[in-house]
Amino acid sequence: MFAPETLMPALAEVEAAYELFGGDAHWQSEYRRLLETYNGRPTPLYEAVNLAARLTGGRARIFLKREDLNHTGAHKITNALGQALLARFMGKNRLIAETGAGQHGVATATAAALLGMSCDIYMGTIDMERQKPNVFRMGLLGARVVPVESGGKTLKDAVNEAMRDWTKSVKDTHYAFGSALGPHPFPTIVRDFQSIIGTECRAQILKAAGRLPSEIVACVGGGSNAIGIFSAFIKDNGVKLIGVEAGGKGLRGNQHAVRLTPSPHAKPGILHGAYSYVLQDRDGQIADTHSVSAGLDYSGIGPEHAHLFDTGRATYTFATDKEAVGAFKMLCETEGIIPALESSHAAAYVIKQAAKIKKDSVIVINLSGRGDKDIESVAKFLGTDI
Ligand SMILES: *Cc1c(COP(=O)(O)O)cnc(C)c1O
């Protein structure tokens, strides 16, 4: 909890309220009802037979946890609904959030519309320009998008501005962090809300394969979809947990967002209220990042991943932009599923490892979102004009 003094009372209030919220039967059953009837949970676990045949000749089984089938197209709505209910539980009627590509902004605006709350989304002006449809979408949902002109005018700056708003507005406002990031208790809260991915997946794989998976692969931006699916398997030491970061244009230079695979720019540091690994320059300034997928393009990483990395319980690796786009195409062609570019990084790792996959392995890829939002980026990457 490395936060400015002015935020400490707000964080203490959220921590205490969250404790009560977790034990409140009425609010918990309301959350479950929304997850089932509105969010679309449980999401299916689908066996990707064609992909497994292509990559392993049927030596191994590959399953996709279909988070792309959630309302609004990714796992983010599951956290947004939880935090909106928590805000209501605390008697607050306004939600604020940061957004980069707009996915968390859309999810938060959706939850706010559903629960009748007012909603302000902080977004860098460069991101607003790049993501016009999502800016319009948030407006349709009744949210106000607040343009952020400071710093690099992207996600990092949007978080700064949202935190600044919160120091002044905490009486009636809840800050709904979009990933397992930020000061305690947010990494815990977001992990808990997303842990339903792992809980569902554990029951589903036992039913489908009659055993636990050999490995679980998930992409890691801030880390919420990965920690969500990992959490149910952390005690199962036989299950390998693999986080895939954005390798961007490769590890030479700073055109990537690789914070845990040992890389010269990633060092322990404090960013947005948490002590974790942070990409920084020689002077300790936060370094810029690059990824073809906006959701993985962040200099910090959720502190629980830093812990899993340090203890060796999870392994972290990366896929480049090119590898991710290759995986994107392969999933389209073999399975008829257009995956998010973020999720394509997880699939890219499995493709890269294909020759080494042992016979009878059972692999689960967390397909964090759908890729309709990414069509333009992919076309641009491939040099096509649409
Ligand atoms: C936002 C996003 C991510 C990255 O965020 P995490 O908190 O690391 O999960 C990954 N996939 C999709 C589809 C996203 O929208």
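The structure displayed is predicted, hence computed values, not measured ones.

Enquirer: Looking at this structure, how should I read the overall build of the protein chain?
Expert: Of the regular secondary structure elements, the protein chain holds 14 helices and twelve strands. Scaling as 2.2 N^0.38, a compact globule of 386 residues should have a C-alpha radius of gyration of about 21 Å, and the protein chain matches this with 20 Å. On the principal axes, the C-alpha backbone points of the protein chain span a range of 60 × 50 × 45 Å. For the protein chain, contacts bridging at least 24 residues in sequence account for 72% of all contacts bridging at least 6. For the protein chain, the accessible area works out to roughly 15,700 Å², and carbon and sulfur atoms hold 53% of it. When the 42 basic and 40 acidic side-chain charges of the protein chain are each reduced to a single mean position, those positions are 5 Å apart.

Enquirer: For this particular structure, what's the right way to read the sheet that holds strand E4 (residues 118-124)?
Expert: Pairing between the strands of a sheet is mediated by backbone hydrogen bonds and can be parallel or antiparallel. The four strands are arranged E5-E4-E3-E6 in an open sheet whose pairing can be described as parallel. Each of the sheet's edge strands pairs with one partner strand only, and the pair in question is strand E5 (144-148) and strand E6 (173-175). Across this sheet, the average inter-strand angle for adjacent strands is 25°, counted without regard to direction. Together, strand E3 (94-99) and E4 form the strand contacts of helix H5 (residues 103-114), whose direction differs from that of E3 by roughly 165°. Packed on one face of the sheet, helix H8 (residues 155-169) meets E3, E4, E5 and E6 and runs near 160° to E3.

Enquirer: Even after reading the chapter, I still don't get the packing of aromatic side chains, so can you show me in this structure?
Expert: The relative placement of two aromatic rings is captured by the distance of their centres and the angle of their planes. One pass over the full model with this rule turns up 14 aromatic pairs. Measuring from ring centre to ring centre gives 5.5 Å for Tyr 277 and Phe 309, while their planes differ by 85°; the resulting arrangement is edge-to-face. Of the two residues, Tyr 277 sits in strand E10 (residues 274-279) while Phe 309 sits in helix H11 (residues 303-311), which places them 32 residues apart along the sequence. Ring centres 6.2 Å apart and planes at 70° place the aromatic pair Phe 309 and Tyr 316 in the edge-to-face group. Residue classification places Phe 309 among the partly exposed positions, given a relative accessible area of 23%. Its relative accessible area of 7% is what places Tyr 316 among the buried residues.

Enquirer: How do you make sense of the pairing of strand E8 (residues 240-248) when you look at a structure like this?
Expert: The side chains of a regular strand alternate, first on one face of the sheet and then on the other. Taking burial as the measure, the nine residues of E8 include eight buried ones, the bulk of the element. Where strand E7 (residues 215-219) lies against E8, five bridges are found, and the strand directions are parallel. Along E8, the bridge assignment pairs Glu 215 with Lys 240. For the segment spanning E7, helix H10 (residues 224-230) and E8, crossover handedness is right-handed. Pairing of E8 with strand E11 (residues 314-320) involves seven bridges; the strand directions are parallel. Bridging from a neighbouring strand, Glu 245 pairs with Phe 318 of E11.

Enquirer: When you look at the nonpolar core in this model, what are you seeing that I'm missing?
Expert: When a protein is soluble and globular, its nonpolar side chains tend to lie buried together. Formed by 56 residues in total, the largest nonpolar core has its most connected members in Met 138, Trp 166 and Tyr 175. Element by element, the count of residues in this core is highest for helix H4 (residues 76-89), at seven residues. The residues touching Met 138, leaving out its near neighbours within four places in the chain, are Thr 99, Gly 102, Gly 105, Val 106, Ala 109, Ile 121, Met 123, Ala 143 and Val 145. Listed in part, the 27 residues of the second largest apolar core include Phe 230, Leu 241, Tyr 316 and Val 362.

Enquirer: Would you explain the packing of H4 against H5 in this entry?
Expert: How two helices sit against one another is set out by the angle between their axes and by the gap between those axes. At their nearest, the axes of H4 and H5 sit 9 Å apart, and the two run at 45° to each other. Here H5 runs oblique to H4, going by the angle between their axes. Between H4 and H5 lies a crossing of right-handed hand. Residue-level inspection shows Lys 76, Ile 77, Asn 79, Ala 80, Leu 81 and Ala 84 of H4 in contact with H5, the latter providing Gln 103, His 104, Ala 107, Thr 108, Thr 110, Ala 111 and Leu 114.

Definitions and cut-offs
- Residues numbered from 1 in each chain as written.
- Predicted model: local features only at pLDDT ≥ 70, side-chain atom pairs only at ≥ 80, totals over all residues.
- Heavy atoms only, no water.
- Helix = DSSP H or I, 4+ residues; strand = E, 2+ residues; numbered from the N terminus.
- Rg over C-alpha atoms; globule rule 2.2 N^0.38 Å.
- Contact = heavy atoms within 4.5 Å.
- Areas by Shrake-Rupley, 256 points an atom, 1.4 Å probe, with all protein chains shown as cover.
- Lys, Arg positive; Asp, Glu negative; His and termini not counted.
- Charge placed at Lys NZ, Arg CZ, Asp CG, Glu CD.
- Pairing = 2+ DSSP bridges.
- Axes fitted to C-alpha atoms, helices over the stretch in contact; angles between N-to-C directions.
- Phe/Tyr/Trp six-rings, centres within 6.5 Å; stacked < 30°, edge-to-face > 60°.
- Buried < 20%, exposed > 50% of the residue type's maximum accessible area, 1.4 Å probe, protein only.
- Right-handed = clockwise from strand over helix to strand, strands pointing away.
- Core = buried A, V, L, I, M, F, W, Y, C linked by side-chain atoms within 4.5 Å.
- Parallel < 35°, antiparallel > 145°, perpendicular 65-115°, else oblique.
- Left-handed = near helix turned anticlockwise from the far one by under 90°.

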